[in-house]
Amino acid sequence: MSAEIYRDAWGIPHLRADSVRALARAQGLVTARDRAWQLEVERHRARGTSAAVLGVDALPWDRFVRRARVDDTARRCFADLERRDPETADWVRAYVDGVNEGLTGAELPLGTPGRWEPWTPLGIWLATHLLFAGFPAKLWRTEAVRHLGEEAVGLFATDGPGTSGSNGWLVSGERTATGRAVLAGDPHRFIEDPGVYQQIHLSCPEFDVVGLAVPGVPGIAHFGHTGTVAWAITNAMADYQDLYREKLRRTGAGVEALGPDGTWTRAARHTETIEVAGEEPVEAEVIETARGPVIAGGPEGLDDGTPLALSLRTPPRVTSDLGFSALLPLLRARRVADVDRALDHWAEPVNVVQAADTEGGLLHRVAGRVPVRSAANRTRVVAAWEAGHEWTGWHDMPRAGLTDGVAVMANQRGPAAPLGVEFAPPHRADRITALLAERQKWTAAGMPAIHMDTHLASAGPLLDHLAALTDLSPAATGLKETLLAWNRRMDAGSSAAALYSAVRGALVRRLAAHPAFAALTTPPAYPEVLLPWLGLVPRIGFALEHLLRADELYGVDRPAEVRAAVEEVAQGSPGKTWGETHRLFPWRALPDPTHGLSGEPGLSGDHDCVLCTSAVPGLTDLAARGPAARYVWDLARREDSRWVVPFGASGVPGAPHHRDQLPLWLGGDLVPVVTDFERLSKESDV
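Here's what I pulled together on the structure shown here. The structure presented is a predicted model; accordingly, all values stated were derived computationally and were not measured.

Notes on helix α17 (residues 495-512)
Link 1 in the chain: With 18 residues, α17 extends 26 Å between its outermost C-alpha atoms, agreeing within 8% with the 26 Å of an ideal straight helix rising 1.5 Å per residue.
Link 2 in the chain: Buried residues dominate α17, accounting for 14 of its 18 residues.
Link 3 in the chain: The backbone nitrogen of A496 lies 3.3 Å from a side-chain oxygen of the residue at the head of α17, namely S494.

Structural data, given as structure tokens:
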């Protein structure tokens, strides 16, 4: 078996092989060459061993991964894959062989890379997506209902800082200049350096696909174009993971859990040792009940003495199936029907999928596995010892159509509405729909302008409150006039956008300090990795629109709070532009001294803009989340497709292609998709 590695002008790998297996090995090898340090970090994160190389700051994650049994679930899922789908299992092994070959002799910041096992890609997929659906929001809702009442569920039901989202739109041939469909969009993830998506081209006699791969996972799962069919996804915002409050007790033989039938049953229990660089090792007790692994607390409760133990139930842990059987059929797809069949195997995360082919076929559906259970399971923590919270089957995945030749998804309530609780406000979806309506005929070249739209519809409620204020100080009156004249665009060069953010942040902090919410300021001592979903300031910041529009807000005098926020900002206005405070804040496993925070660029956009660069109102203007890639898939000519990532194809700091796409990403430009090997530079045979 042989394979060849080519590169385009942006260093993007284009792989050609004489078999599917040889191609998988080449994908693993080139990923290891381009992203060795990233792969090592992800391997450690999936195994719960990252503190051994990154130090004590990584310990909370390692403890969570160990207790959630991520590595063990990956092993189970791979064993089941070998039994059910040996071809895919062998394909994954080939990828792992390539990774191990590519890592041989690699020089990494913190030592020699470890060896990959056949189930490592599955572990990386699990670790990457375990928090994707935001199950910790159930902890928030449980606390909010306890202190504020049942109406708090709807009042605070919006996507928050810990949730991953996306924009995606499908324009059918009847609405394009070529008569063939176009798909476009951008996944919103935490921005990491190196990036969470890898541009790649995979070619062999069975298929030829370009797309965005997840480093460490073979194939092209989320965004791909085979030449005759293309697909893309957005987060469906479905709820498919459950949290159970457990009653646990220690016995001479171990730990027992009380079940819904009223009997105590032996729970699996063992202890694992977590190595910590520069510190003493730490022990983690791992307990698993019939519901699932205990991820918080134990027989003695939480660390603060709260008598609580929480178990987590997830589809892969229940079924030993991670959905990897969808990956090869996606690569082999020729028509929409092929994509549809492949996605019947999909497990998690639960996505809304849009697809189109060159014959006019269109697809708009939800893909994944969502359990059938009580409504209470979906909204909050439920009691493991009470009957009625069992999983009783799997939901059929909803389907949807197009309206006026267009389908738009931006994490709003759409086809997945029956499957979720917290969705994004409709602003991004409505704005994309409105922009698409401005032309009758679209081309692929016109789509990047939609990616970059900065109109902030969610500013309305705050500006309405501001307009009603009278008898302000002269400085506050000037600020009011500036904001009411503002075009509501969160442009990096806009001083009015910066003033709006300052007023919004001041208001959020004032509301969070109000006695009405005092009981929610200090949550129980849940594991640290779950706390982003429980922060009162972020919760109020992302639900501000709802809070300002509600008929009544727990006795809070909202006009008085808005007045105080405006006066506060007016007295201390810094006179900065939005881009001066709204700067890119990427996550790196190790700090990069050549690109500190002061060196990262200012950004346009905001959480509810189509250009979704998310700050956390009231907490920070820095943007840790945003478009992790952008794509435009043209079904008329694949060569007219475009894509871009925040940094570049290489994960090696200082390499020519480490950050060469950043200026394009900032400006809304995209890189041409090249598929003709005659136009590429050959790097090597492998």
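Structural notes on the sheet that holds strand β14 (residues 294-297)
Link 1 in the chain: With mixed pairing, four strands are arranged side by side in an open sheet as β14-β15-β9-β18. Looking at strand neighbours, the two that pair on one side only are β14 and β18 (382-383), the edges of this open sheet.
Link 2 in the chain: With two bridges connecting them, strand β9 (residues 242-245) and β18 associate as parallel partners. Along β18, the bridge assignment pairs Y244 with V382.

So, the nonpolar core
Link 1 in the chain: Of all hydrophobic cores here, the largest spans 189 residues; its most connected members are F64, F156, L436 and M447.
Link 2 in the chain: It is helix α1 (residues 20-47) that contributes the most residues to this core, 13 residues altogether.
Link 3 in the chain: With residues near it in sequence (within four places) discarded, F156 still touches W140, L148, E422, F517, R539, I540, A543 and L547.
Link 4 in the chain: Core analysis: the second largest hydrophobic core is formed by 11 residues, Y240, V350, V366 and L419 among them.

Topic: the sheet that holds strand β12 (residues 264-274)
Link 1 in the chain: Across the sheet, which stays open at both edges, the four strands sit in the order β10-β11-β12-β13 with antiparallel pairing between neighbours. Two strands in the sheet have a free side with no partner beyond their single neighbour: β10 (248-251) and β13 (282-288). Ignoring which end each strand starts from, the neighbouring axes of this sheet average 35 degrees apart.
Link 2 in the chain: Alignment of β10 against strand β11 (residues 254-258), held across four bridges, turns out to be antiparallel. Bridging across to β11, R250 finds its partner in V255.
Link 3 in the chain: Packing against the sheet, helix α3 (residues 59-68) makes contact with β12 and β13, and its axis sits at approximately 145 degrees to β12.

Cut-offs used in this document
- Residues numbered from 1 in each chain as written.
- Predicted model: local features only at pLDDT ≥ 70, side-chain atom pairs only at ≥ 80, totals over all residues.
- Heavy atoms only, no water.
- Helix = DSSP H or I, 4+ residues; strand = E, 2+ residues; numbered from the N terminus.
- Expected span 1.5 Å × (residues − 1).
- Buried < 20%, exposed > 50% of the residue type's maximum accessible area, 1.4 Å probe, protein only.
- Polar contact = N/O pair within 3.5 Å; in protein donor to acceptor, adjacent residues only side chain to side chain.
- Pairing = 2+ DSSP bridges.
- Core = buried A, V, L, I, M, F, W, Y, C linked by side-chain atoms within 4.5 Å.
- Contact = heavy atoms within 4.5 Å.
- Axes fitted to C-alpha atoms, helices over the stretch in contact; angles between N-to-C directions.

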